[in-house]
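Residues per chain, in single letters:
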Amino acid sequence: MKQTWLILGASSAMARGFARRVSETGADVFLAGRDMDDLNRAAADCHLRGAPLAEAMRFDARKPAGFGAIYEKLAAQDGALNVAVFVGSMPDQADIDKDPALVDATIMDSFTGPARFLQGFVPLMEERGCGTVVGIASVAGDRGRIGNYVYGAAKAGFATYLSGLRNRLTRVGGHVVTVKPGFVDTAMTWGLPGMFLVASPDDVARDIQKAVSKKKNTIYTPFFWRYIMLIITHIPEMIFKKMSI
Amino acid sequence: MRWKTAEYKGWGRVLSARGDTARPERLATLKALWKETKAPAIGNLRSYGDAALNDGGKAIDMTRLDRLIAFDPDTGILEAEAGITIGEIARIFAPKGWIPTVLPGTGFATLGGCISNDVHGKNHKAGSFGQHVISFDLLGANGRVRKVTPDATPELFRATCGGIGQTGVILSAKIQLASIGSEVMDVRETRVENLTEFMALLDGSTAPYCVGWIDATAKGEHLGRGILEEGSVAYNAPPPKPKSAKSVPMNAPRFFLSSPIVRLFNQLYLRRIPVMGQRRIRAMQDFFFPLDKVLNWNRLYGKPGFHQFQCALPDGTAHEALVRMMDMIASSHLASPLTVLKRMGTGRAGMMSFPMGGYSFALDFPNGKAVAGLVGELEEITLQAGGRIYLAKDTLATPEMIAAMYDELPEFIAAVNAADPEHKFATDMVRRLNLRGTGK
Ligand SMILES: Cc1cc2nc3c(=O)[nH]c(=O)nc-3n(C[C@H](O)[C@H](O)[C@H](O)COP(=O)(O)OP(=O)(O)OC[C@H]3O[C@@H](n4cnc5c(N)ncnc54)[C@H](O)[C@@H]3O)c2cc1C
Ligand SMILES: NC(=O)c1ccc[n+]([C@@H]2O[C@H](COP(=O)([O-])OP(=O)(O)OC[C@H]3O[C@@H](n4cnc5c(N)ncnc54)[C@H](OP(=O)(O)O)[C@@H]3O)[C@@H](O)[C@H]2O)c1
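Keep in mind that what you see is a predicted model, and the values were worked out from it rather than measured.

Caption draft 1: Representation of the overall build of chain A in the model. Check the secondary structure of chain A and you find 9 helices and 7 strands. At 18 Å, chain A has a C-alpha radius of gyration in line with the 18 Å of a compact globule built from 245 residues. Overall size of chain A, expressed as C-alpha extent along the three principal axes, is 55 × 35 × 30 Å. Taking all 245 residues of chain A together, 53% fall into the buried category. Long-range pairs, those at least 24 residues apart, make up 71% of the contacts in chain A with a sequence separation of at least 6. For chain A, the computed accessible surface area is about 10700 Å², with 57% contributed by carbon and sulfur atoms. For chain A, the centre of its 29 positive side-chain charges and the centre of its 24 negative side-chain charges are spaced 6 Å apart.

Set out below in structure tokens:
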């Protein structure tokens, strides 16, 4: 069956890797985000790598008024509709502490904006009885830490949302993959102190592609983060609350 | 854009720099940071020495600006952003019947890096990389982007090809790909007994791609023995699966490349080829980028790293110079197994381009006290023979040596100083070798 991938937050390096991979399988791609110049370049790149149709679209998670145009465009595609959400923002926790309005912004970018978009999109998938939603959550959502707990909270919320959505889509033949990356070498983390075991965005993209084809529910990428997080989530709160990791 | 402060090294890991690097993932980020900061571009750090190092300064890592922009299947003209690797271009376009006309020995070199060192391949008749560049967009010190072509802006074109980043940041380039009939190579390997035979065989080879591996530990009647590898495109052969890449997990211990081990390895490597020679069908990338199958192979030289010496020698003097060099190298017990002799075409696209009609000879030396002296002597022989050494590989040359080897250095200095009057793009190599003519 013909596959179409809508990629939200398509300027992210992880998204670029994933969009390229699905392009090489011959899927149509719609690259959505805010930097139209960049998205147009990405579209040309995906087309030359094999996507029969590759198109840039404007998408701002904070502006739901624009969502309708995307739904319409995608509804006109034949075959299976799939969507991958790479949107997210991680301001410095210190900046959020200074400006509480950033709490709303972070949560809107990383959770409520994408969730609202998906609420409107998923019925299109249900109609067709197929398709996959990929949502990028984060290991940061597994436990709140002093360094980025607002971002972590947004990602935790998004992960919970995705698990519910999986419950819903499974009934009609669709699927949802929750992706929890560890540290990935992208613009978001470039030059940040304290990075270790940093994965390349293309390795993450490869893991995501594999998870989609194997219908995994939740993946950690690289895989060993599952064990790191297993330990971190099992540290008793009495001790954890005094730690700074 | 956040800057990352870190140490980074040339591929040989002898020279390193500590500085701030930005790695824009999109053009808008680069253009925004350019308003505040002009700095030299760096690619995938596959140059061995300090061509891409800027100690105490800033640098712009181009590897994330790596998109394909346009391709014309009728003409084979490709436009792409400068950070894409040459191996990625080959991977994508070989199944469509096209590859970059000139391919260096590593697929990890970026398009921008290939232009900036005007790289050469195993097909000397095709000339240098820059000769197949139709145009590029150059972000200059004045903040403007210029389309540079060999005809309309010859000065700037010739100062940028092989110009190790001194004219600005190459954002994207249009290159002519070569059409290729299949993704499979028919490779003929021949054992060669000595240097004289080797040079004659390289000279007489009609294969489109040709490269010689030399046992640099051999002396006397065996001096210059090795294996000649000739590749041409195989038709109707089922494509073998390319070998998967392995990684060297850590620095190798010191004895790993010590003289007895290298001698032993070389003998075994040579005997791999039957006396009658052999033919093999190989995946294209295994033929063009054999070392890429071992990621981080530079760690085999251990923590101290290694030097590479590469010279080009004109036809008339090459034999005598090579005999002297190989003798000296075999007696030094410093050689590594990676020693390569190739034919070199006259084609060159820039003022500081390395190629010259004749032969190219390259080998690695594990870093150590005796290396500088030996390489100094090899450079001296190169100079006397009318040859030159390759900036992409150099760690040890002196300003005087380079000035004597590169006739067009004064023109280069004038052109780049006009393009970048405040020397924003100067790098460690430029300072070490006085390539901007400012003195030490
Ligand atoms: C295993 C191996 C085999 C090799 N074989 C060959 C060979 O057969 N033939 C050959 O010619 N070379 C060969 N090389 C050398 C290599 O091709 C060159 O050093 C090449 O320039 C590396 O590209 P890079 O992207 O890593 O550039 P870097 O090493 O990062 O940079 C090289 C120079 O290019 C400049 N630069 C990079 N990108 C840009 C840009 N976008 N704009 C402006 N300036 C830029 C930098 O300032 C620097 O001066 C080999 C290297 C290795 C490691
Ligand atoms: N890097 C890591 O270590 C890491 C680890 C775990 C999870 N993640 C998650 O992985 C995803 C990709 O991140 P990345 O690391 O590749 O960083 P990134 O380059 O910053 O990517 C985030 C993307 O989200 C987009 N975005 C942010 N707010 C938006 C909004 N309101 N509307 C539309 N788009 C918006 C950005 O678009 P613009 O182009 O318009 O800015 C950007 O393309 C994110 O969800 C991130 O949280 C990253």
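Now that the structure has been shown, the text picks up again.
Caption draft 2: A look at the overall build of chain B. Counting its secondary structure elements, chain B contains 12 helices and 20 strands. Principal axes of the C-alpha set define a box for chain B whose edges measure 60 × 50 × 45 Å. When each of the 440 residues of chain B is scored for burial, the buried share is 59%. In chain B, the proportion of contacts linking residues at least 24 apart, taken out of those at least 6 apart, comes to 74%.

Caption draft 3: Local environment of the interface of chain B and chain A. Across the boundary between the two partners, chain B contributes 24 residues, which contact 23 residues of chain A. Summing both partners gives a buried area of about 2100 Å² for chain B against chain A, and 44% of it is carried by carbon and sulfur. Our count for the contact surface shared by chain B and chain A stands at 9 salt bridges. A salt bridge links Arg91 of chain B to Glu24 of chain A, with the nearest nitrogen and oxygen atoms 2.7 Å apart. Where chain B meets chain A, there are 16 residue pairs in polar contact (both at pLDDT 80 or more). For the side of chain B that touches chain A, the secondary structure elements donating two or more residues are strand S2 (16-22), helix H1 (27-36), strand S5 (68-72) and helix H2 (86-93) of chain B. Considering each element in turn, the side of chain B that touches chain A owes the most residues, 4 residues, to S5 of chain B. When grouped by side-chain class, the residues that make up the side of chain B that touches chain A number 11 nonpolar, 1 polar and 12 charged.

Caption draft 4: Spatial organisation of the pattern of salt bridges. According to the stated counting rule, one finds 42 salt bridges over all chains in the structure shown. Between Arg41 of chain A and Glu81 of chain B there is a salt bridge, and its shortest N-O distance comes to 2.6 Å. Placement of Arg41 of chain A in helix H2 (residues 36-48) and of Glu81 of chain B in strand S6 (residues 77-81) is noted, with the two residues assigned to different chains. Ionic pairing is found between Arg432 of chain B and Asp50 of chain B, a salt bridge with its closest N-O pair at 2.7 Å. You can see Arg432 of chain B sitting in helix H12 (residues 428-432) and its partner Asp50 of chain B sitting in the loop between strand S3 (41-42) and strand S4 (58-61), a full 382 residues away along the chain. Each member of the pair Arg432 of chain B and Asp50 of chain B is classed as buried. A cluster of three or more residues bridged by salt bridges with shared partners is formed by Arg16, Arg20, Glu24, Asp45 and Arg49 of chain A together with Asp66, Glu88 and Arg91 of chain B.

Caption draft 5: Spatial organisation of the sheet that holds strand S18 (residues 339-344) of chain B. Residue and element names in this part refer to chain B. With respect to topology, 8 strands assemble into an open sheet ordered S15-S11-S13-S12-S18-S19-S17-S20, the strand pairing being antiparallel. Both outer strands of the open sheet, strand S15 (278-283) and strand S20 (388-389), are each paired with one neighbouring strand and no more. Of the strands in this sheet, strand S12 (209-214), strand S17 (306-314), S18 and strand S19 (358-366) are in contact with helix H8 (residues 315-332), which crosses S17 at around 155 degrees. Here helix H9 (residues 371-384) sits on the sheet and contacts S17, S19 and S20; the angle it forms with S17, its principal contact strand, is near 10 degrees.

Caption draft 6: Spatial organisation of the sheet that holds S4 of chain B. All names here are of chain B. The strand order across the open sheet formed by 4 strands is S1-S2-S4-S3, and the pairing between neighbours is mixed. Strands with a single pairing partner mark the edges of an open sheet, and in this sheet they are strand S1 (4-9) and S3. Across 2 bridges, the pairing between S3 and S4 is parallel. Paired with Ala41 across the two strands is Ile60, which belongs to S4.

Caption draft 7: Summary view of a positive patch on the surface. Residues and elements named next belong to chain A. Judged by side-chain charge, Lys210, Lys214, Lys216 and Arg226 come together as a positively charged surface patch. Relative to the elements of secondary structure, Lys216 occurs in the loop between helix H7 (201-213) and strand S7 (218-221). Residue Lys216 is classed as partly exposed on the basis of its relative accessible area, which comes to 40%.

Caption draft 8: The arrangement of the confidence of the model for chain B in detail. With 100% of its residues at a pLDDT of 70 or more, chain B shows a mean pLDDT of 95. Across the predicted assembly, pTM comes out at 0.97 and ipTM at 0.95.

Caption draft 9: Quick peek at the site of ligand 1. All names here are of chain B. Taken together, 35 residues lie near ligand 1, and Ala41, Arg46, Ser47, Thr110 and Tyr390 sit nearest. Between ligand 1 and Ser47 there is a distance of 2.7 Å, counted from an oxygen atom to a side-chain nitrogen or oxygen. Between Ile170 and ligand 1, the recorded distance is 2.9 Å, taken from a backbone N or O atom to a nitrogen atom. At the level of elements, S3, helix H3 (111-116) and strand S10 (169-179) are the ones that each hand at least two residues to the shell around ligand 1.

Caption draft 10: Geometry of the nonpolar core. One finds Leu30, Phe129, Phe136, Phe365 and Leu435 of chain B to be the most contacted residues of the largest nonpolar core, which totals 117 residues. The next biggest cluster of nonpolar side chains, apart from the first, holds 32 residues, and it includes Val29, Ala42, Val184 and Val212 of chain A.

Caption draft 11: Representation of the site of ligand 2 in the model. Within the structure, ligand 2 sits among 27 residues, and Arg34, Tyr151, Val184 and Thr186 of chain A together with Arg26 of chain B are positioned closest to it. Residues within reach of ligand 2 are spread across chains A and B. Here an oxygen atom of ligand 2 and a backbone polar atom of Phe86 of chain A are 3.0 Å apart. Within the side chain of Asp109 of chain A, one N or O atom sits 2.8 Å away from a nitrogen atom of ligand 2. For the shell around ligand 2, the elements supplying multiple residues, two or more each, are helix H1 (13-24) and helix H6 (149-170) of chain A. Of the residues in the shell around ligand 2, the class split is 13 nonpolar, 8 polar and 6 charged.

Caption draft 12: Spotlight on the packing of helix H3 (residues 67-75) of chain A against helix H5 (residues 101-128) of chain A. All names here are of chain A. Relative to each other, H3 and H5 sit at 25 degrees, their axes nearing to 11 Å. By the angle between their axes, H3 is roughly parallel relative to H5. At the point where H3 passes H5, the crossing takes the right-handed sense. Between H3, through Phe67, Ile70, Tyr71, Leu74 and Ala75, and H5, the contact on the second element is made entirely by Gly113, Arg116, Phe117, Gly120, Phe121, Leu124 and Arg128. Looking at the contact of H3 with H5 residue by residue, the class counts come to 8 nonpolar, 2 polar and 2 charged.

Caption draft 13: Here's a closer look at the environment of Gln119 of chain A. Residue and element names in this part refer to chain A. Relative to the helices and strands, Gln119 resides in helix H5. Taking the C-alpha atoms as reference, Gln119 lies 9.1 Å from Leu165; in sequence the two are 46 residues apart. Aside from chain neighbours lying at most four places away, what touches Gln119 is Tyr161 and Arg168.

Procedures and definitions
Position numbers for residues start from 1 in each chain and track the written sequence from start to end. Each chain gets a letter, beginning with A, and each ligand a number, beginning with 1, in the order they are written. It should be noted that, the model being predicted, local features are given only for residues of pLDDT at least 70 and side-chain atom pairs only at 80 or more, the latter also being counted only at that level, while totals for whole chains, interfaces and linings use all residues. To get the side-chain values, take all heavy atoms of the structure and skip hydrogens and water. A run of DSSP states H or I qualifies as a helix once it reaches four residues; a run of E qualifies as a strand once it reaches two. Both are numbered from the N-terminal end. Here the globule rule is a power law, 2.2 Å times the number of residues to the power 0.38, and the radius of gyration is based on C-alpha atoms. Each residue is assigned to one of three classes by its accessible area relative to the maximum for its type, calculated with a 1.4 Å probe on protein chains only: buried under 20%, partly exposed between the two thresholds, exposed over 50%. Should any heavy atoms of two residues lie within 4.5 Å, those residues are counted as being in contact. All accessible areas in this document rest on Shrake-Rupley with a 1.4 Å probe, and a residue is counted as covered only by the protein chains that are shown. Just so you know, the count uses Lys and Arg for positive and Asp and Glu for negative, and it drops His and the chain ends. Lysine's charge is taken at NZ, arginine's at CZ, aspartate's at CG and glutamate's at CD. Put simply, buried area is the surface a 1.4 Å probe can reach on two separate parts but cannot reach once they are joined, added for both. Salt bridges, as used here, are contacts in which a Lys or Arg side-chain nitrogen is within 4 Å of a carboxyl oxygen on Asp or Glu. For the purposes of these results, a polar contact is taken to be a pair of N or O atoms within 3.5 Å, where, inside protein, one atom must be able to donate a hydrogen and its partner to accept one; residues adjacent in sequence count only when each atom of the pair is a side-chain atom. The classification used treats Ala, Val, Leu, Ile, Met, Phe, Trp, Tyr, Cys and Pro as nonpolar, Asp, Glu, Lys and Arg as charged, and all other residues, Gly among them, as polar. One bridge is not enough; two strands pair if DSSP finds at least two bridges between them. Angular values range over 0 to 180 degrees, each being the angle between N-to-C directions of two axes fitted as lines to C-alpha atoms, with helices fitted over their stretch in contact. Each patch is built from residues lacking any salt bridge and having more than 30% relative accessible area; the joining distance is 9 Å for like charges and 5 Å for nonpolar side chains (Val, Leu, Ile, Met, Phe, Trp, Tyr). The predictor's confidence in any single residue is recorded as pLDDT, a number from 0 to 100. In this text, near means that some heavy atom of the residue lies within 4 Å of the molecule or strand in question. Remark: nonpolar core denotes a set of buried residues (Ala, Val, Leu, Ile, Met, Phe, Trp, Tyr, Cys) joined through side-chain atoms within 4.5 Å. Note that the term roughly parallel is reserved for angles under 35 degrees, roughly antiparallel for angles over 145, roughly perpendicular for angles of 65 to 115, and oblique for everything else. Should the near helix be turned anticlockwise from the far one by less than a right angle, the crossing is termed left-handed; should it be turned clockwise, right-handed.

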